[in-house]
Amino acid sequence: MSNIIETRLPTGVKDFLPVKAAKLEFLQSALYQIFHRWGFQPIVPAILEDLAVLELGLGEDLREKTFRFDDRQTGRLVAFPPDITPQVARIAATRMHDMPLPFRLCYSGRVLRHAEQRLGKDREVFQAGVELIGLDSAEADAEMIAMTVEGLRSVGAQEFTVDIGQVDFLRGILDDLDLDNHDIALLCAAIAAKDLSSLKQLLEDLPLSDQKREELLTLPRLFGGPDVLDKAAAAVRNPKSLRALENLQQVLDLLKIYGVEDFITLDLGELRGFDYHTGLIFQGYLSGFGRAVCSGGRYDNLMGRYGFSTPATGFAFNLYNLLFALDRELIQHAAGGTDILLVSMAKDKMPAQRLAVTLRQQGYSVAREMLVRDRQASLDYARRLHFRYLMILPEAMDSLLLIRPGDGQETKVDLNAVEEGRLQL
Amino acid sequence: MSDYLTFALPKGRIMQDSMELFAKVGVTCPEMDNPGRKLVFENARDKLRFMAVRAQDVPTYVEYGCADLGVVGKDTLLEQGRDLYEPLDLKFGYCRMVVAEPKALSQDDDPAGWSNIRVASKYPNITERYFAAKGVQVEVIKLYGSIELAPLVGLSERIVDLVSTGGTLRENGLVEVETIVEVTSRLIVNRASLKTKHRRITKLIGDLEREVEEAPRISG
């Protein structure tokens, strides 16, 4: 009888074994380096929140996706955050409001969201992101996008686009439609799907002015390069949309200074983004990968919900999506993790331990082979676990043998040379 | 690889119709003239690739980004509710999603009085949504084919199915009582592809749009 214990995971969550986990670790640290270089300071929010408090910052979209349960100590409902931005907003508004603005904060952590299971969608999302709180300028919007591009480059993305939208542009068009909610929902669904055919059909029957009709009909095709701004400007008349276009133009001009304009596309018919978004929003897409790898945007009203009104913007990378999209490119950061597996042939293990200490002080990563097994077995182990070298300290302890597990190539090394720091791997 | 535009097309008639339409805007694949058992066809000169898949699988290939674009019936899109762009009604493959029932039942049946009814369908989601919107409780019985059989043998009182001419319904003694939605084939696009390949895709959508607008509407 084999002893198979069924240990299935709930759907939508994953374990990551060493190679993939090393890639995730690289993603996290590479992005954090960028965040720090732009002057963002780390913040670590709590893993649980009081549901009532958390919900102040959540729109209907995220509320429905929140994991919630009873707190036995208080009988109140508590929740795992489905998004970190409202948490940072809470902390900034309630705990940091005496400090001078603006705040530049960064975080990385995992959130949980109820998701439709049918598509194997993730319920667990690993994010690394930033929040820039207290600024409403186009310069702040541009900073977020420039950082996104820099972040994507730093993790090895080659072909990608950061796709920019503007919530206010859409609101300017949708705001004063004299229609009931059902009709507006149908219009929005057609616009979100860029379904011009259905939109035309819907508009035939709705009592709207020709100007409104024309504005609505341009939305499904307002995506692509910078020429989209001209098309949009020609189509809209309302002041809110025109102001939104002005903001976009300023941001695009600023992005030229960073030399990232080639990575930018525009989509003014994009209805995505969370309920709390207000102005410029954006999402990052890698060529050949169907889902967004990062998203963000302005949320000028969210801080106010926690009692401290100030404009803000931010974004977060989805590390799992980045991992799947860049799996092959990331191999160089995961393979050959440890430099040396150190084998001692002598009974007395003290010299080997001393050698390991020396090598680690020199900056090498070293694991001691503590099992007593033959050389081939040690070599196989080193190969399977991606050690760069197997190092054998012979019983005589007069020299060292270095073996490359990949091709079995052997080199003899003088023990004194190693102790004097002249080993070069 | 990623400089290719990849299409997922449903095997059969819709694939033919699609390629005929695409040919009018310069999107062709000579390799497809002798298909044999191949499932993937390439036009290396124009950097185009075509995959022949089951109609119900077209949205999956496109949503996951294995294909940038696809052609699929609105019925499949409504049933599956995927996260896709569907920029264009290609206006072929016309049919209707209808509620049908045996002729005998229909003679003194009033849809306004429906309650607790059993409905057989290949489209459980569409069926459920349609009746829920009317406030009617239904027990949906999912079948994979020959839906017309269900009322004849007492599996359900009514069915929800696609009809084009209505011939099959008539032959089985069924009549249409309500039309849920009119269905045509749609061009669908992956979210990321629309952004990362916007130049080629925008041009294609524009070209197809002009072609479809000019063609007279075919209805069946």
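The rules behind the values
- All residue numbers here refer to positions counted from 1 along the written sequence of the relevant chain.
- By the order in which they are written, chains take letters starting at A while ligands take numbers starting at 1.
- The model is predicted, so local features are restricted to residues of pLDDT at least 70 and side-chain atom pairs to those at 80 or more, both for listing and for counting; the totals for chains, interfaces and linings are taken over all residues.
- Comment: elements are numbered from the N terminus, with helices defined as DSSP H or I runs of at least four residues and strands as E runs of at least two.
- To assign burial, the other C-beta atoms lying within 10 Å of each residue's own C-beta are counted, with C-beta atoms placed from the backbone; 20 or more indicates buried, 12 or fewer indicates exposed, and intermediate counts indicate partly exposed.
- Each residue is represented by a C-beta atom placed from its backbone, and any two residues with such atoms within 7 Å are regarded as in contact.
- Radius of gyration means the value over C-alpha atoms here, while the globule rule gives 2.2 Å times the residue count to the 0.38 power.
- For the domain bounds, the source is a domain assignment made automatically or taken from a database.
- Per residue, pLDDT measures the predictor's confidence, with a range of 0 to 100.
- Think of a nonpolar core as buried Ala, Val, Leu, Ile, Met, Phe, Trp, Tyr and Cys residues, each tied to the set through C-beta atoms within 7 Å.
- When residues are sorted by character, Ala, Val, Leu, Ile, Met, Phe, Trp, Tyr, Cys and Pro go into the nonpolar class, Asp, Glu, Lys and Arg into the charged class, and all the rest, Gly among them, into the polar class.
- For helices, the axis comes from a line fit to the C-alpha atoms of the stretch in contact; other axes are also lines fit to C-alpha atoms, and the angle between any two N-to-C directions lies between 0 and 180 degrees.
- Handedness of a crossing is defined here by the sense of rotation of the near helix relative to the far one, left-handed for an anticlockwise turn of less than a right angle and right-handed for a clockwise turn.
- Here the rule is simple: two strands pair whenever DSSP picks up at least two bridges between them.
- Geometric relationships in this document are graded by angle, where less than 35 degrees denotes roughly parallel, more than 145 denotes roughly antiparallel, 65 to 115 denotes roughly perpendicular, and other angles denote oblique.
- Multiplying 1.5 Å by the residue count of a helix minus one yields the expected span of that helix.

For chain B, the count of helices and strands is nine helices and 11 strands. Over its C-alpha atoms, taken along the principal directions, chain B stretches across nearly 60 × 35 × 30 Å. The 220 residues of chain B split such that 40% are buried. Expressed as a percentage of contacts within chain B between residues at least 6 apart in sequence, the contacts between residues at least 24 apart total 67%.

Summing up its helical and strand segments, chain A has 16 helices and 17 strands in all. Computed over C-alpha atoms, the radius of gyration of chain A comes to 28 Å, more than 25% over the 22 Å expected from 2.2 N^0.38 for 425 residues, which places it beyond the range of a compact globule. With respect to the principal axes defined by its C-alpha atoms, chain A has extents near 95 × 55 × 55 Å. Buried positions account for 40% of the 425 residues belonging to chain A. Excluding contacts between residues fewer than 6 apart, the proportion of contacts in chain A whose partners are at least 24 apart in sequence is 68%.

So, about the environment of G173 of chain B. Counting through the fold element by element, G173 of chain B comes out in the loop between α7 (167–171) and β10 (174–183). Each residue touching G173 of chain B, except ones within four places of it in the same chain, is listed here: P102 and K103 of chain B.

In this section: the domain arrangement of chain A. Splitting chain A by domain gives domain 1 (18–175 + 238–331) and domain 2 (337–419). For domain 1 of chain A versus domain 2 of chain A, the separation of C-alpha centres amounts to 46 Å.

Averaged over all residues, the pLDDT of chain B equals 91, while 96% of them reach at least 70. ipTM for the predicted complex: 0.87, alongside a pTM of 0.88.

Turning next to the nonpolar core. In terms of nonpolar packing, the biggest core is built from 122 residues, with I145 and L322 of chain A touching the most fellow members. Excluding its chain neighbours within four sequence positions, the residues that come into contact with L322 of chain A are L27, V155, V293 and F317 of chain A.

Let us now look at the domain arrangement of chain B. Interface size, as often reported, equals the accessible area lost upon joining of the parts. All names here are of chain B. Entries for chain B in the domain assignment read domain 1 (5–93 + 184–214) and domain 2 (95–182). Each of domain 1 and domain 2 was reduced to a C-alpha centroid, and the two centroids are 31 Å apart. With four residues of domain 1 in contact, the opposing surface of domain 2 contributes six residues. The residue makeup of the side of domain 1 that touches domain 2, split by class, is one nonpolar, one polar and two charged.

Once that is clear, we can look at the packing of helix α1 (residues 18–37) of chain A against helix α5 (residues 138–154) of chain A. Residues and elements named next belong to chain A. The N-to-C vectors of α1 and α5 enclose an angle of 145°; their axes lie 9 Å apart at closest approach. The way α1 lies across α5 gives a crossing that is right-handed. Side by side, α1 and α5 meet where A30, L31 and I34 of the first sit next to M147, E150, G151 and S154 of the second. Each residue belonging to the contact of α1 with α5 can be placed in one class, and the counts come to four nonpolar, two polar and one charged.

For the rest of this paragraph, the subject is the interface of chain B and chain A. Taken together, the contact between chain B and chain A spans 17 residues of the former and 19 residues of the latter. Those elements that provide at least two residues to the side of chain B that touches chain A are β5 (85–89), α8 (191–196) and α9 (198–214) of chain B. Grouping the constituent residues of the side of chain B that touches chain A by class yields six nonpolar, six polar and five charged.

Turning next to the sheet that holds strand β5 (residues 103–112) of chain A. All names here are of chain A. Spatially, the nine strands line up as an open sheet ordered β1-β5-β6-β12-β11-β10-β7-β9-β8, and their pairing is mixed. Each edge of the sheet is formed by a strand with only one pairing partner; in this case those strands are β1 (41–42) and β8 (223–224). Summarising the sheet, β1 and β5 pair through two bridges and their orientation is parallel. The residue of β5 that forms the bridge with Q41 is L105. Along the sheet, helix α11 (residues 239–257) makes contact with β7 (160–166), β9 (264–267) and β10 (280–286), crossing β7 at roughly 150°.

Before going further, it helps to spend a moment on the sheet that holds strand β15 (residues 389–393) of chain A. Residues and elements named next belong to chain A. Here five strands make up an open sheet; going across it, the order is β14-β13-β15-β16-β17 and the pairing mixed. With partners counted over all chains shown, the strands left at the sheet margins are β14 (366–368) and β17 (410–414), one partner each. Strand-to-strand twist across the sheet, computed as the mean angle between neighbouring axes with direction ignored, equals 25°. Bridge count between strand β13 (residues 340–344) and β15: five bridges; the pairing is parallel. By the bridge assignment for β15, S344 is matched with L393.

Residues and elements named next belong to chain A. Put simply, helix α10 (residues 227–235) and α11 touch, their axes get as near as 10 Å, and they point 160° apart. Judged by the angle between their axes, α10 and α11 are roughly antiparallel. Both α10 and α11 take part in a crossing whose hand is left-handed. Facing α10, whose interface residues are L229, A232 and A233, α11 presents L245, L248 and Q249.

A separate point is the environment of I205 of chain B. Note on placement: I205 of chain B falls in helix α9. Those residues within four positions of I205 of chain B in sequence are excluded, and the remaining contacts are P87 and L88 of chain B.

As a further point, take the environment of L302 of chain A. Residue and element names in this part refer to chain A. Inspection of the secondary structure puts L302 in helix α12 (residues 302–305). In this structure the C-alpha to C-alpha distance between L302 and G57, which are 245 residues apart in sequence, comes to 6.2 Å. Apart from residues no more than four positions distant in its own chain, L302 is found in contact with G57, P86, A89, Y276 and A312.

All names here are of chain A. With 19 residues, α11 extends 28 Å from end C-alpha to end C-alpha; this agrees with the ideal 27 Å at 1.5 Å per step. Buried residues of α11: S241, A244, L245, N247, L248, V251, L254 and L255, and no others. Considering only its buried residues, α11 is in contact with α5, β7, α6 (167–174), α10, β9 and β10. At the C-terminal side of α11, G259 shows a positive phi close to 65°.

Turning next to the pairing of β5 of chain B. Residues and elements named next belong to chain B. Taken across its five residues, β5 has four buried, putting it largely inside the fold. Sheet topology note: the β5/strand β11 (residues 185–189) ladder contains three bridges and is antiparallel. Within β11, the position partnered with L88 by the bridge is L187.

Residue and element names in this part refer to chain A. For the peptide bond that leads from L101 to P102, omega is -5°, which places it in the cis range. In this model, H386 sits at a positive phi of 60°, which is unusual for a non-glycine residue. Along the chain, the position of H386 falls in the loop between α15 (375–384) and β15. The class of H386 is partly exposed, set by 16 C-beta atoms lying within 10 Å.

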